[in-house]
2 protein chains.
Amino acid sequence: MNPDITRERQNATFDVEKLTHILNGGPEKTKRRREIESLVFSDPDFNEEDPNFLSRSERYDQAVKKSAQMILKLREYGIADPDEIYYYKNMVNGNQHEAMGLHFVMFLPTLYSQCDPQQSRKWIPLAESFQAVGTYAQTEMGHGTHLRGLETTATYDPATQEFVLNSPTVSSIKWWPGGLGKTSNHAIVLAQLYTRGNCHGLHAFIVPIRDMDTHVPLPGIVVGDIGPKFGFSEVDNGFLKLENVRIPRDNMLMKYAKVEPDGTYLKPPSAKLTYGTMVFIRSMIVGESARALSKSCTIAIRYSSVRHQSEIRPGEPEPQILDYQTQQYKLFPLLAMAYAFTFVGQYMSQTYHRITGDINQGDFSELPELHALSAGLKAFTTWATNSAIEVCRMSCGGHGYSRSSALPDIYVNFTPTCTYEGENTVMMLQTARFLVKSYRQAKAGQQLSGIVSYLNEPKHQRVQPQPVAARPTVVDLNDLASLVEVYKQRAATLVDLAAKSIQQELQLRKSQEDAWNNSAVDLVRATDAHCHYVVVKLFTDKLGEVGDTAIHSVMSTLALLYALNGIKNNSGDFLQAGLLNVPQVLQVSVRVKELLSQLRPNAVALVDAFDHHDKKLNSVLGRYDGNVYENLFEWARRSPLNSTEVHESFHKYLKPLRAKL
Amino acid sequence: MNPDITRERQNATFDVEKLTHILNGGPEKTKRRREIESLVFSDPDFNEEDPNFLSRSERYDQAVKKSAQMILKLREYGIADPDEIYYYKNMVNGNQHEAMGLHFVMFLPTLYSQCDPQQSRKWIPLAESFQAVGTYAQTEMGHGTHLRGLETTATYDPATQEFVLNSPTVSSIKWWPGGLGKTSNHAIVLAQLYTRGNCHGLHAFIVPIRDMDTHVPLPGIVVGDIGPKFGFSEVDNGFLKLENVRIPRDNMLMKYAKVEPDGTYLKPPSAKLTYGTMVFIRSMIVGESARALSKSCTIAIRYSSVRHQSEIRPGEPEPQILDYQTQQYKLFPLLAMAYAFTFVGQYMSQTYHRITGDINQGDFSELPELHALSAGLKAFTTWATNSAIEVCRMSCGGHGYSRSSALPDIYVNFTPTCTYEGENTVMMLQTARFLVKSYRQAKAGQQLSGIVSYLNEPKHQRVQPQPVAARPTVVDLNDLASLVEVYKQRAATLVDLAAKSIQQELQLRKSQEDAWNNSAVDLVRATDAHCHYVVVKLFTDKLGEVGDTAIHSVMSTLALLYALNGIKNNSGDFLQAGLLNVPQVLQVSVRVKELLSQLRPNAVALVDAFDHHDKKLNSVLGRYDGNVYENLFEWARRSPLNSTEVHESFHKYLKPLRAKL
């Protein structure tokens, strides 16, 4: 154990284990998670080479092998609880993705939810026994978030009682679905349904794409891998071009909409049912943000505690780089954010399950708010995390660039969350639509409920320009409740500003749509302020649940840092709205610096509490024992370019070059 | 040619070719650059597979091959001018780095500048004929920016007239030098010189590391590749562990410092001489920022002009995504920044050459300012570009993640500039040191010259809290000179604030060093504001040189957008300092939106003017002809996972899995 990191742990003012329990939801949950994780790191079948040393094909091969092993082992151990499966897979996959992920998260769930009883009897056993390995093919080369634009067609032919599927253009080729390229022999294809000459919009069809025995692509199917990407190297995201592919009528998923043998189309009873899945996945992504960020902070903070560099005081030994204020300022606000997002993720998951209960009882009333919240928070947390991972990486100096640090892997495998499951800007605007609608309802005298009820509160002198310092202020910068209040008022101000921008555009005789587009920058900013308010509020709310005094104290410091640093970075908004005056804003900067030194002794303990096992982190810089340098050397020596002492290029190019000059 | 992109070009209000000449420094230079570039893309020897399809070893192999070919061809064509070599290599390397880069940028220049005459006669012919292929080994595993901490030792043994080199600890292993792992047979090693029992600090030694004939590592040399990284996959960044390696006395570079046969140490006459190289490289990096950013903008803006998605007005065809205000707001400020940084890069290069002339005549007076400016601007431009590339990538939706977009390559190969040649935060603090020193001189009544002379100007009511709107204001938001003025005053305010923070810490009886560290966050912020001012000023200055009315008009719009968007993003600073009032800040947001629509018709033309050839961009999304989708499909089909229809993992794992369940 590195003595620096040991000393850091001795200096902590709270019980790390207790905080881990809070993060996990209780000591029993921590215990069970660790039991499951230990199944992985004691299992020699999962001793593998660093995927960064492998070619793309080898990486994919290794990932398929792991997928198959996990299936067998989870059944062997009898692990069936979704959380427990998640713990297990997370530990096996480390910082990489699962090759067969889409089979589990999209193919099977779609079969469960959209097959009629007869279809269930046929397809679910096939899928559960991996005779049918599948994916979900929605996105096309030319269309992502905007589903109505999808071009793939499924035309019903009553003569043979078949659907004929086609990719009518290059841009209609299915593109991006995970596992589509090489792994799957079936795909659920989203296509525009045509029957009796009418288009009925998008529907889902089960399309066999490869022979179940030989795995060779079927006639009319052009399928393959879309090529290397930024991350997701283990996953064969694929393309699928359909050329007059015929499938039986009952390969259309018919739990809701139906096509009868004669081609008659029967509409689904309600459109709201698919809504829930998106909300669920977006809520989950908030939690993923927290996990990626807490991993990154763990690596950067542990490394900063064992790395010594340069000097603060001449003549003294080189300090730990965590002693530099600039390093603390890079990392501690991100650490605070990691805690904030963890609690927001817990809240989203709980809220989702609560509202799902209501929905099952026919109560859809809270769904629009949850939908808006999950869209905005998905974008807010993934964008913030995306930048934060890179700040963590760059805070590790040169070694952060090494694949051994794991930070490049964490980044490239996280960054797609900004785009998939709803492109972030589109998400921000969806939330903005809900905010503006609520704002208008409030203006019309309607009483709002839930998290937007602040739009009912008496209007502050929001947009009216006015002397900033002239307004008496009651904000206590050390009181979280007071800070929640200013964040709320900032959000109200920016929603008001965006709504006014739309109004002004309309007065210039712009259409509703153009007025919206011409205000989009303000709308995104309003959503951002709304989400920021929600995060500060949820972090503050969480503190009320923390009984342990020592933990409550350090969590309060983190929450204060999160809130005050957010004010510092957006001080213009708070000044502009007259919520803070200039001396207060100057005071915020001073307080932020004080909070950095206050957190310094607990930094390593706070990342330890996330309890990311070394095997899961897979980072030489983030090792629990802090023994970085020896292991960096050892890792490098295993790297593939070192398999021979002299690379063949010397004999091929360098030596001959001399003769040619 | 895609009709959308053709229409975009027709809508431009200025002559693209003329703007290209401005960027290149005249029509003759454009012509010569294109001539040189055409040598590459008409050369079948440089037709190669996308490196993203290759394994690490294959990538390295291909890169060494290209390095060797370039050497031969440049000699064949008689290209010897540094700019022209740069054009040629840039075109060959595309978005990747040169395997043998360090031989040219560090090994040879160090020999030229630090060999004594006798050493020159021996080593320069060896290096120029590539008998000796070399690198520059400074950074160690445990030490980067802080040179005094380097641990490698070179101990003089008068008995044999040799130096004995050692890596006394794991952390002293040389780590990161490009070309060290596999390519080089020599390294210039920086080591602490010991002779006659005294340490004389860092000196440079030529160390043979591999047999010149067989390329096998020499006795006592442990050398290899440091393993895969985030980017630089073509380069064998290496490690070097020295175990009692003996080299002759005259392998120490002795132009300045010397060790005599008996071990007597002779000091170098001046330390300032090495200063210049760092300044040069940092100045160059500013230009690299502009190039990486202009490439990224080219890709994102061209793609946004051919990508159609979603709807603004119901019933109408899907608009080009460049018509969304949010998309414009992501990209146009970055386009403005690309132009700004291009002009700053030109200024830095000119200033460097001017000051080098002075230095050669013994006038060092401007060196400290240039040193401070290059450090700060290196950090300011690389950080901004680093984030900007990722914004460009993410603005391309899913396809931005594909390696075919080139944006991942541009990012990973650019991001190390934030760390190498001086870690950015350290650079910001170096500039801050100069600013605080200048500030104190100004306070002491000294008249400053150069770019910091604003610190002499009468102090505005900078830090004193005061009602924002109470101050009469003369800022004209449409006048660049007026905006340069407010940026200047913002910088002055923040330098003042940082200096006051140090003062306050000193009053709390902190040492100078602790006071500095406890103000580091404010110091970085002051440098940031200073650099921002310099960039706005240089962009504005450049407009004075533009004679063409149409180009002047669009450049002014860009400069205004750059300046106003910077105010928008930092509005708190301007409000706090009383430089703008609230109505003005609101007006800034409105003006930014207006400027976005104003730039819309010229966006594609403005990226065309950078004149990045398709071969150099190597981006399916950024193609000049806009034919994205067909080429995306074609690229994917060539990808290595598609070399067989059925991947072996099916037979190895997936099919057997069924039987095991």
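Presented here is an overview of the structure given in this document. (Residues numbered from 1 in each chain as written. Chains lettered and ligands numbered in written order. Predicted model: local features only at pLDDT ≥ 70, side-chain atom pairs only at ≥ 80, totals over all residues. Heavy atoms only, no water.)

Before going further, it helps to spend a moment on the nonpolar core. Judged by nonpolar contacts, the single largest core of 294 residues is most densely connected at Tyr339 of chain A together with Tyr339 of chain B. When near neighbours in sequence (up to four residues on either side) are disregarded, Tyr339 of chain B contacts Leu19, Leu23, Phe539, Met555, Leu558, Leu606, Ala609 and Phe610 of chain B. (Core = buried A, V, L, I, M, F, W, Y, C linked by side-chain atoms within 4.5 Å. Buried < 20%, exposed > 50% of the residue type's maximum accessible area, 1.4 Å probe, protein only. Contact = heavy atoms within 4.5 Å.)

To continue, consider the side chain of Asp409 of chain A. Residue and element names in this part refer to chain A. Locating Asp409 in the fold gives a position in helix 11 (residues 407–414). A polar atom in the side chain of Asp409 sits 2.8 Å from the side chain of Arg403. The residues touching Asp409, leaving out its near neighbours within four places in the chain, are Asn52, Asn95, Gln96 and Arg403. (Helix = DSSP H or I, 4+ residues; strand = E, 2+ residues; numbered from the N terminus. Polar contact = N/O pair within 3.5 Å; in protein donor to acceptor, adjacent residues only side chain to side chain.)

Our next topic: the relation of the copies chain A and chain B. Superposing chain A onto chain B requires a rotation of 180° together with a translation of 0.0 Å along the rotation axis, leaving an RMSD of 0.0 Å. Expressed as an axis order, the relation between the two copies is that of a two-fold axis. For chain A, the minimum C-alpha distance to the rotation axis belongs to Gly572 of chain A and amounts to 1.8 Å. Here 100% of the interface residues in chain A have copies in chain B that are interface residues too; the copies meet face to matching face. (Least-squares fit on C-alpha atoms with pLDDT ≥ 70 in both.)

All right, on to helix 6 (residues 101–114) of chain A then. The terminal C-alpha atoms of helix 6 of chain A, which comprises 14 residues, lie 19 Å apart, in line with the 20 Å expected from a rise of 1.5 Å per residue. Within helix 6 of chain A the residues assigned to the buried category are Gly101, His103, Met106, Phe107, Leu108, Thr110 and Leu111 of chain A. (Expected span 1.5 Å × (residues − 1).)

As enumerated under the stated definition, the model contains 100 salt bridges over all chains in all. For Lys89 of chain B, the salt bridge is made with Glu98 of chain B, and the minimal N-O distance between the two is 3.2 Å. Lys241 of chain B is the partner of Glu243 of chain B in a salt bridge, and the nearest nitrogen-oxygen pair spans 2.7 Å. Here the salt bridges share partners, and the residues they tie into one network are Glu17, Arg33, Arg34, Glu37, Asp611 and Lys616 of chain A. (Salt bridge = Lys/Arg side-chain N within 4 Å of Asp/Glu carboxyl O.)

Attention now moves to the packing of aromatic side chains. For the coordinates displayed, the defined rule picks out 40 aromatic pairs over all chains. Seen from their ring centres, Phe46 of chain A and Tyr88 of chain A are 6.4 Å apart, and the 75° between their planes marks the pair as edge-to-face. Of this pair, Phe46 of chain A sits in the loop between helix 3 (27–41) and helix 4 (56–77) while Tyr88 of chain A sits in helix 5 (residues 82–93), and the two are 42 residues apart along the sequence. Tyr88 of chain A shares its class with Phe46 of chain A; the two are buried. Residues Phe633 of chain A and Trp175 of chain B carry aromatic rings whose centres are separated by 6.2 Å and whose planes lie at 65° to one another, so their mutual orientation is edge-to-face. In this pair, Phe633 of chain A is assigned in helix 21 (residues 628–637) and Trp175 of chain B in strand 4 (residues 174–175), connecting two distinct chains. The same class applies to Phe633 of chain A as to Trp175 of chain B, namely buried. An aromatic cluster is defined as three or more aromatic residues linked by ring pairs; in this entry it consists of Phe230 and Tyr411 of chain A together with Phe230 and Tyr411 of chain B. For Lys89 of chain B, the ring lying beneath its charged end belongs to Phe104 of chain B, and the centroid distance is 3.7 Å. (Phe/Tyr/Trp six-rings, centres within 6.5 Å; stacked < 30°, edge-to-face > 60°. Lys NZ or Arg CZ within 6 Å of the ring centre and 35° of its normal.)

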